[in-house]
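Notes for the structure review
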Amino acid sequence: MKITAKDGLLLILGMAVVTYLPRLLPMFLFSAEKLPSLIKRFLDFIPYAVLTTLIFPEILSSTAHPGSALAGGFISLLLAYYQNNLFLVVAGGIGAVFLCELLF
Amino acid sequence: MHIPFLSRRIATADPRRQDFFLGLRDGFPIALGYVPVSFAFGLLAVRGGLPPWIATLISLTNLTSAGQFAGTNLILAGASLLEITFTTFLINLRYLLMSLSLGQKLAPDLTLGQRCLMAFGITDETFAVASVERSEITFLYMLGLIVGPYLGWGTGTLLGGIVCTFLPASLQKALGITLYAMFIAIVVPPAKKSRTISIIIAVAVGVSSALTWLPGLRLLSEGWRITIATVVACLFGATFFPRKEVK
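In every chain, residue numbers begin from 1 and rise along the written sequence. Here every chain gets a letter starting at A, and every ligand a number starting at 1, in the order they are written. This being a predicted model, a pLDDT of at least 70 is required before a residue's local features are given, and a value of 80 or more before pairs of side-chain atoms are given or counted; all residues contribute to the totals for chains, interfaces and linings. For side-chain calculations, the full set of non-hydrogen atoms in the structure is used, while hydrogens and water are omitted.

Now for a nonpolar patch on the surface. On the surface, L10(A), L13(A), V17(A), L21(A), L25(A) and L81(B) cluster together into a nonpolar patch covering about 480 Å² of accessible area. Labels follow the DSSP assignment, with helices taken as runs of H or I lasting at least four residues and strands as runs of E lasting at least two, numbered in each case from the N terminus. No other element matches the 4 residues that helix α1 (residues 5–24) of chain A contributes to the nonpolar patch. One can find L13(A) in helix α1. Residues enter patches when they are more than 30% accessible in relative terms and free of salt bridges; like-charged ones are connected within 9 Å and nonpolar ones (Val, Leu, Ile, Met, Phe, Trp, Tyr) within 5 Å. For the accessible areas, the method is Shrake-Rupley and the probe is 1.4 Å, while residue cover comes only from the protein chains on display. By salt bridge we mean one thing: a side-chain nitrogen of Lys or Arg within 4 Å of a carboxyl oxygen of Asp or Glu.

In structure tokens, the structure reads:
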């Protein structure tokens, strides 16, 4: 898909602004005690929920074939559960996809 | 981490400059950690069709991992400005809490411009280091802390983008899994420790699958699917698990 340079820069600017605002505003606006605990809890969960919805089901269309993506995802999952080493998890996933697509 | 030449500088410098060098020292390991991750980002963005300089510009203006990965994915998928900014905003909401918490520890004499610059450098990692290492955060300390990670993040992206153009096609294809493998590596260890987080993840997978495959719902675009699934999972969590687990 092709985007014009102007549209592209506008999108990047939009992303930059919404990334910066949550960092900036609290420095002036509120103090941590005033936030209701339900909202704090909601915010606690966001990283996990967002990352999960980013992973699934999109991971299935990230490689040449859903089967190889599933294999790569599964190997990464196992490595993440037992090893907790970012580099290993990523390298294992890529290796599994590469092998799968070579063999099948 | 002990870096001899920096420590010697710290001992001789005046107290204000000393803060800057302390920050530099604390930021060094973060910078090293950022290089491979931003390298992967550069690879993916360029593989998806962006020129390396645009990928680097994204890194230098956003300075965040999940948010800019997701935003860039949506740009490549041709999503609308509203979808892209809303999804990115949602992912970045966690910075509200970090900035809030860091705001309580700031030195009292900061100017507006200094606060704005410090806020820009808040990431998961700089936040963690600054809040653990310092009881009062000065401008120069934070500045020193940010410089290394910022340069590492930008340089890694540029290198990844340039290297991508030289990789054979078969390897490039396999690299499509990189981003997802990275997310798995971030999500799984906390889920292993907390039953609540595992449940949130299960809910998110369920809602996300429903929105992708159920008739009628699958017309939703990707950005809204991510937003809705995230909000439902977090609301579910905040409602049924309102308190932190006691370990």
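Another point: the pattern of salt bridges. This structure, assessed with the given rule, holds 3 salt bridges over all chains. Salt-bridge contacts for E58(A) lead to R225(B); the nearest nitrogen and oxygen are separated by 2.9 Å. Taken together, the residues span two chains, with E58(A) in the loop between α2 (37–55) and α3 (66–82) and R225(B) in helix α13 (residues 222–240). An identical accessibility class is assigned to E58(A) and R225(B); each is buried. D19(B) serves as the salt-bridge partner of R134(B), at 3.0 Å between the closest nitrogen and oxygen. Here R134(B), found in the loop between α8 (124–133) and α9 (139–164), pairs with D19(B), found in helix α2 (residues 15–47); they are 115 residues apart in sequence, far enough to count as distant. Exposure categories follow from relative accessible area, calculated using a 1.4 Å probe and restricted to protein chains: below 20% of the type maximum is buried, above 50% is exposed, and the middle band is partly exposed.

Below, the discussion takes up unusual backbone geometry. Looking along the chain, the bond that leaves F56(A) and enters P57(A) is cis, with omega of 5°. With respect to the helices, strands and loops of the structure, P57(A) is situated in the loop between α2 and α3. Unlike most non-glycine residues, L63(B) shows phi in positive territory, near 50°. Assignment of secondary structure puts L63(B) in the loop between α3 (52–62) and α4 (66–76). On the basis of relative accessible area, L63(B) is assigned to the buried category, the value being 4%.

Next up on the list: the layout of surface pockets. Both cavities and pockets are sets of points on a 1 Å grid over the protein atoms alone; in a cavity a 1.4 Å probe fits but cannot get out, in a pocket the set is open with protein on both sides within 12 Å along at least five of seven lines, and lining residues sit with an atom within 4 Å of a point. Grid points are joined across faces, edges and corners, and a volume is the space filled by probe spheres set on the points. Approximately 1,300 Å³ is the volume found for the largest pocket. In this structure, the largest pocket is lined by 49 residues; those nearest its centre are L51(A), S65(B), D124(B), E125(B) and I186(B). Sorting the residues of the lining of the largest pocket by element identifies α2 and α4 (86–103) of chain A together with α2, α6 (94–103), α8, α11 (178–193) and α12 (195–213) of chain B as the ones contributing at least two each. Residue assignment places the lining of the largest pocket across two domains, with domain 1 (4–172) and domain 2 (194–240) of chain B each supplying three or more. Boundaries of every domain are those given by an automatic assignment or by a domain database.

Take the packing of aromatic side chains next. Pairing of aromatic rings covers Phe, Tyr and Trp, the last through its six-membered ring, and needs centres within 6.5 Å; plane angles under 30 degrees mean stacked, over 60 mean edge-to-face, and all others mean tilted. A complete count under the given rule lists 9 aromatic pairs over all chains for this structure. A centroid spacing of 5.1 Å and a plane angle of 85° characterise the contact between F41(B) and F69(B), whose relative ring orientation is edge-to-face. Here F41(B) is found in helix α2, whereas its partner F69(B) is found in helix α4, with 28 residues between them in sequence. Neither F41(B) nor F69(B) differs from the other in exposure class; each is buried. Plain terms: the ring middles of F120(B) and Y150(B) are 6.0 Å apart, the flat faces sit at 70° to each other, and that makes the pair edge-to-face. In this pair, F120(B) is assigned in helix α7 (residues 112–120) and Y150(B) in helix α9, connecting sequence segments 30 residues apart. Clustering of aromatic rings is evident, with ring pairs tying together Y20(A), F120(B) and Y150(B). The ring of Y141(B) has R134(B) lying over it, and the distance from NZ or CZ to the ring centre is 4.5 Å. Counted as over-ring charges are cases with an Arg CZ or a Lys NZ within 6 Å of the ring centre that also lie within 35 degrees of the ring normal.

Next up on the list: the environment of F69(B). F69(B) gets classed as buried once you look at its relative accessible area, which sits at 3%. Sequence separation between F69(B) and G148(B) is 79 residues, and the spatial gap between their C-alpha atoms is 21 Å.

Another aspect to go through is the domain arrangement of chain B. Residue and element names in this part refer to chain B. With domains assigned, chain B is organised as domain 1 (4–172) and domain 2 (194–240). If you average the C-alpha positions of domain 1 and of domain 2, the two centres end up 28 Å apart. In this complex, domain 1 contributes 7 residues to the contact, which on the side of domain 2 involves 8 residues. Here the quantity called buried area is the total loss of accessible area, with a 1.4 Å probe, experienced by two parts when brought into contact, counted for both. For the pair domain 1 and domain 2, the summed buried area comes to about 650 Å², and 75% of that belongs to carbon and sulfur atoms. For domain 1, the biggest contributors to the area lost against domain 2 are E83, T87 and L90; these three give 57% of the whole. Inspection of the domain 1/domain 2 interface yields 0 salt bridges. Identification of polar contacts relies on pairs of N or O atoms within 3.5 Å, with a donor-acceptor requirement for protein atoms, meaning one able to donate a hydrogen and the other able to accept it, and with residues adjacent in sequence counted only if both atoms are side-chain atoms. Inspection of the domain 1/domain 2 interface yields 0 residue pairs in polar contact (both at pLDDT 80 or more). Looking at the side of domain 1 that touches domain 2 element by element, the count peaks at 5 residues for helix α5 (residues 81–92). Note on contacts: a residue pair is in contact if any heavy atoms of the two residues lie within 4.5 Å.

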